[in-house]
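Spelled out, the chains give:
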There are 2 protein chains.
Amino acid sequence: MDIKVVRNVLEENQVSAQKVRDRLRERRQTLVNFMSSPGSGKTRLLETLIPILKERGLRVGVIEGDIATARDADRLKHLDIPIALINTEFFGGECHLAANVVLGALEAIDGPPMDLCLLENVGNLVCPAEFDTGSDLNVVLLSVTEGEDKPVKYPLMFRNSHLALVNKIDLAEVVEADVPLLRRNLQQVNPSLEIFETSAKTGLGLAEVADRLCRLHDAKRG
Amino acid sequence: MDIKVVRNVLEENQVSAQKVRDRLRERRQTLVNFMSSPGSGKTRLLETLIPILKERGLRVGVIEGDIATARDADRLKHLDIPIALINTEFFGGECHLAANVVLGALEAIDGPPMDLCLLENVGNLVCPAEFDTGSDLNVVLLSVTEGEDKPVKYPLMFRNSHLALVNKIDLAEVVEADVPLLRRNLQQVNPSLEIFETSAKTGLGLAEVADRLCRLHDAKRG
């Protein structure tokens, strides 16, 4: 019976995800869903990535998903872009963003023209992977401080992602991270995962990620 | 309707949590529930903590909760203690350990005498906080690499914990962590939280944590 309930929730979510996709296609917008554990560096990465995307001529918007507080949204305010903040504690402290919530956020930031919408999901390496947001691309961040074994221990997240950003790469030496092993673990779980090594602190790898998102938008909507 | 389903699940969980508590009282055992994001250092901390607890004369057992793989359990095998491994992917890849699962694990490692059972929950800063496991003490780990804002962004976890271990403290300088700010954020969310600064790498703070667990066991069951 438990399984049945979960199935219904997921089926309902699929209906909303399709509405998100329809909306994006109509408006020629591209949605990218960033997921990771708490503290892997999603917000800081967006802070560094968005100016590069703007230089490339893309009009960017952001949807910030947090259980509580407006802290992440506040950190992005200086970028002068449309931001929709979702606090899931108002509907039960949910551990992920469901597609109907994303749809509402897309409607909320409608107004200024937008090409690319970056969705920062709730910090959680488990539940967000189970819910299709209607996004065109799923990106998982994994900081080198988290350990090389995480892809095999949390496989669904890495199976359902298209890009993996091995983040905080500037700390790899000091935390004695085995990056080749981490890459092998990523490939073992999902051989088609595209892997980027990134540091929001030094900027390493972010131009390549920006290129990848520009190409995605051009291919889908350009 | 959604809320009703969640309530039923939580009510059912409370019944099982009470069974866990009854079992622990009968057997004079103490259960400590370790929670954190993936990669905060739970397993490595247990590896360092358990020998100290054994030196103090406590007979220790471990319940390892993971979505997939036996990696964490394997890392503890050399400690020569009873270990029960729970892989949640066999029942839907659950993002937390429910009390009925913990009860089954306690039954599974019954045999050799045990005073203290350490439960390593699924790596997730959200969902495990919602499910009472029947434990005597909840411990949350937060690595300094995760950012000072996490207590206010994931408040339920820190509200439902008794001890907070600020872990990987040896990395505080290199990641420019503001530990006083982190402590203030912890206290803001839960003023009665006992805070320990720890490093499984250098051993810092672990004797104090071991003392705390010994005192707990003596007070409850000694």
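Treat the numbers as computed from the prediction; the structure is a model and nothing was measured.

Rules used in this analysis
Residues numbered from 1 in each chain as written. Chains lettered and ligands numbered in written order. Predicted model: local features only at pLDDT ≥ 70, side-chain atom pairs only at ≥ 80, totals over all residues. Heavy atoms only, no water. Helix = DSSP H or I, 4+ residues; strand = E, 2+ residues; numbered from the N terminus. Axes fitted to C-alpha atoms, helices over the stretch in contact; angles between N-to-C directions. Parallel < 35°, antiparallel > 145°, perpendicular 65-115°, else oblique. Left-handed = near helix turned anticlockwise from the far one by under 90°. Contact = heavy atoms within 4.5 Å. Nonpolar A, V, L, I, M, F, W, Y, C, P; charged D, E, K, R; others polar. Buried area = accessible area lost by both parts, 1.4 Å probe. Salt bridge = Lys/Arg side-chain N within 4 Å of Asp/Glu carboxyl O. Polar contact = N/O pair within 3.5 Å; in protein donor to acceptor, adjacent residues only side chain to side chain. Least-squares fit on C-alpha atoms with pLDDT ≥ 70 in both. Core = buried A, V, L, I, M, F, W, Y, C linked by side-chain atoms within 4.5 Å. Buried < 20%, exposed > 50% of the residue type's maximum accessible area, 1.4 Å probe, protein only. Pairing = 2+ DSSP bridges. Expected span 1.5 Å × (residues − 1). Bend = angle between axes of the 7 residues up to and from the residue.

Asker: How should I be thinking about unusual backbone geometry in this particular structure?
Answerer: Among all residues save glycine, negative phi is the norm, and among peptide bonds the norm is trans. Positive phi, normally seen in glycine, also occurs at threonine 69 of chain A, with a value near 75 degrees. Relative to the helices and strands, threonine 69 of chain A is located in the loop between strand S2 (60-66) and helix H3 (71-76). Positive phi, normally seen in glycine, also occurs at aspartate 80 of chain B, with a value near 60 degrees. Summarising the element assignment, aspartate 80 of chain B is placed in the loop between helix H3 (71-76) and strand S3 (83-87).

Asker: I tried to follow the packing of helix H2 (residues 42-55) of chain A against helix H8 (residues 206-221) of chain A on my own but got confused; where do I start?
Answerer: What describes two packed helices is the angle between their axes and the distance between those same axes. Residues and elements named next belong to chain A. Where H2 meets H8, the closest approach of the two axes is 10 Å, and the angle between their N-to-C directions is 60 degrees. It follows from the interaxial angle that H2 and H8 lie oblique. The chirality of how H2 crosses H8 is right-handed. Listed contacts from H8 to Leu45, Thr48, Leu49, Ile52 and Leu53 of H2 are Leu206, Ala207, Val209, Ala210, Leu213 and Cys214. Looking at side-chain class alone, the contact of H2 with H8 contains 10 nonpolar, 1 polar and no charged residues.

Asker: Sorry, what's going on with the interface of chain B and chain A here?
Answerer: You'll often see interface size given as the accessible area lost when the parts meet. Taken together, the 37 residues of chain B in the interface contact 37 residues of chain A. Around 2,700 Å² of area is buried between chain B and chain A when both sides are counted, 56% of it from carbon and sulfur atoms. Looking only at chain B, the three residues that lose the most surface to chain A are Pro38, Arg71 and Lys153 of chain B, adding up to 21% of its buried area. Between the two partners, chain B and chain A, sit 6 salt bridges. Between aspartate 66 of chain A and lysine 153 of chain B there is a salt bridge, with the nearest N and O atoms lying 3.3 Å from each other. Remark: the boundary between chain B and chain A carries 11 residue pairs in polar contact (both at pLDDT 80 or more).

Asker: Any chance you could explain the relation of the copies chain B and chain A here in plain terms?
Answerer: In this arrangement, two copies of a chain are superimposed by a rotation about an axis accompanied by a shift along the axis. Once chain B has been moved 0.0 Å along the axis and rotated by 180 degrees, it coincides with chain A to within an RMSD of 0.0 Å. What the superposition gives is, in effect, a two-fold axis relating one chain to the other. Same-surface contact between copies: 100% of interface residues of chain B are shared with the interface of chain A.

Asker: Whenever I open this one, the nonpolar core confuses me. Can you help?
Answerer: Soluble, globular proteins show a tendency: their nonpolar side chains are buried together. Within the largest apolar cluster, 87 residues are counted, with the highest numbers of intra-cluster contacts made by Ile63 and Phe158 of chain A together with Ile63 and Phe158 of chain B. If we ignore the near neighbours within four places in the chain, the residues touching phenylalanine 158 of chain A are Leu125, Val140, Leu142, Lys150, Pro151, Leu186, Val189, Asn190 and Leu193 of chain A.

Asker: Can you walk me through the environment of phenylalanine 90 of chain A in this structure?
Answerer: Considering the arrangement of structural elements, one finds phenylalanine 90 of chain A in the loop between strand S3 (83-87) and helix H4 (99-108). Sequence separation between phenylalanine 90 of chain A and isoleucine 67 of chain A is 23 residues; the distance between their C-alpha atoms is 8.3 Å.

Asker: Looking at this structure, I do not really get the sheet that holds strand S1 (residues 30-35) of chain A. What am I missing?
Answerer: Strand pairing in a sheet takes place through backbone hydrogen bonds and is either antiparallel or parallel in direction. Residue and element names in this part refer to chain A. Taken in spatial order, the 7 strands make up an open sheet running S3-S2-S4-S1-S5-S6-S7, and their pairing is parallel. Only two strands of the sheet have a single partner each, and these edge strands are S3 and strand S7 (194-197). Across the sheet, the axes of successive neighbouring strands diverge by a mean angle of 20 degrees, strand direction being ignored. Relative to S7, strand S6 (residues 163-167) runs parallel, the two being bridged by 4 bridges. What sits directly across from leucine 163, in S7, is glutamate 194. In the packing of H8 onto the sheet, contacts are made with S1, strand S4 (116-120), strand S5 (137-143), S6 and S7, and the angle to S1 comes to roughly 145 degrees.

Asker: Could you clarify how one ought to interpret helix H2 (residues 42-55) of chain B in this entry?
Answerer: All names here are of chain B. In this model, H2 (14 residues) spans 20 Å end to end at C-alpha, consistent with the 20 Å of a helix rising 1.5 Å per residue. At leucine 49, H2 shows its largest kink, close to 25 degrees, and the proline proline 51 lies no more than four residues downstream. Residues Lys42, Thr43, Leu45, Leu46, Leu49, Ile50, Ile52 and Leu53 constitute the buried set of H2. The first or second residue beyond H2 is glycine 57, which carries a positive phi of 95 degrees.

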